[in-house]
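Observations on the model geometry
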Amino acid sequence: MAKSKIQKGFYPISYTRVNQLIRNCRGWDYGNRDTCNYVAESILQDLDMNYPNLPIRSSLRSDLIEITHDINNGRLTKGKVLMLSINN
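How each quantity is defined
- Residues numbered from 1 in each chain as written.
- Predicted model: local features only at pLDDT ≥ 70, side-chain atom pairs only at ≥ 80, totals over all residues.
- Heavy atoms only, no water.
- Axes fitted to C-alpha atoms, helices over the stretch in contact; angles between N-to-C directions.
- Helix = DSSP H or I, 4+ residues; strand = E, 2+ residues; numbered from the N terminus.
- Parallel < 35°, antiparallel > 145°, perpendicular 65-115°, else oblique.
- Left-handed = near helix turned anticlockwise from the far one by under 90°.
- Contact = heavy atoms within 4.5 Å.
- Nonpolar A, V, L, I, M, F, W, Y, C, P; charged D, E, K, R; others polar.
- Core = buried A, V, L, I, M, F, W, Y, C linked by side-chain atoms within 4.5 Å.
- Buried < 20%, exposed > 50% of the residue type's maximum accessible area, 1.4 Å probe, protein only.
- Phe/Tyr/Trp six-rings, centres within 6.5 Å; stacked < 30°, edge-to-face > 60°.
- Expected span 1.5 Å × (residues − 1).
- Arc of directions from axis to C-beta.

1. As for the packing of helix H2 (residues 15–27) against helix H4 (residues 60–72)
Packing of H2 against H4 leaves a shortest axis separation of 11 Å and a crossing angle of 65 degrees. For the element pair H2 / H4, the angle class is roughly perpendicular. Considering the relative orientation of H2 and H4, their crossing is right-handed. Judged by residue contacts, Tyr15, Val18, Asn19, Ile22 and Arg26 of H2 engage Ile67, Thr68, Ile71 and Asn72 from H4. A per-class count over the contact of H2 with H4 returns five nonpolar, three polar and one charged.

Below is the structure:
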């Protein structure tokens, strides 16, 4: 049986979820900074609620902000898998 992202040592975060949150922000007319913060906070909250025992590394928030910023600036994510390591 295939291993999950967590079993492989990565956070269970997808570009699909990031893009969904970005679309929400566009609908609300958020700017880039507010969008980046909203996406990072929402994903961290999702992880906390759905995986309470999963350790959150200190740089995860800034990594999520950077990824969101890149997508807002045109980075293509179609067909790519988001792999953020649980361990630094």
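2. A short note on the nonpolar core
With 19 residues, the main nonpolar core has Tyr11, Ile13, Val18, Ile43, Leu60, Leu64 and Leu84 as its most contacted residues. Among the secondary structure elements, those contributing two or more residues to this core are H2, helix H3 (32–50) and H4. In terms of residues, this core owes the most to one element, H3, which gives five residues. In contact with Leu64, other than residues within four places in its own chain, are Ile13, Ala40, Ile43, Leu44 and Leu84.

3. What to know about the packing of aromatic side chains
Enumeration according to the criterion identifies three aromatic pairs in this entry. Taking the centre distance of 5.3 Å and the plane angle of 85 degrees together, the rings of Trp28 and Tyr38 count as edge-to-face. Placement of Trp28 in the loop between H2 and H3 and of Tyr38 in helix H3 is noted, with a sequence separation of ten residues between them. Residue Tyr38 is classed as partly exposed on the basis of its relative accessible area, which comes to 24%. A connected cluster of aromatic rings, assembled from ring pairs, spans Trp28, Tyr30 and Tyr38.

4. Section: H4
An ideal rise of 1.5 Å per residue puts 18 Å on 13 residues; H4 measures up with 18 Å between its terminal C-alpha atoms. Taken residue by residue, H4 has Leu60, Leu64, Ile67, Thr68 and Ile71 as its buried positions. Down the axis of H4, the buried set is contained in an arc of 95 degrees. They therefore lie on one face. Where H4 is buried, its residues touch H2 and H3.

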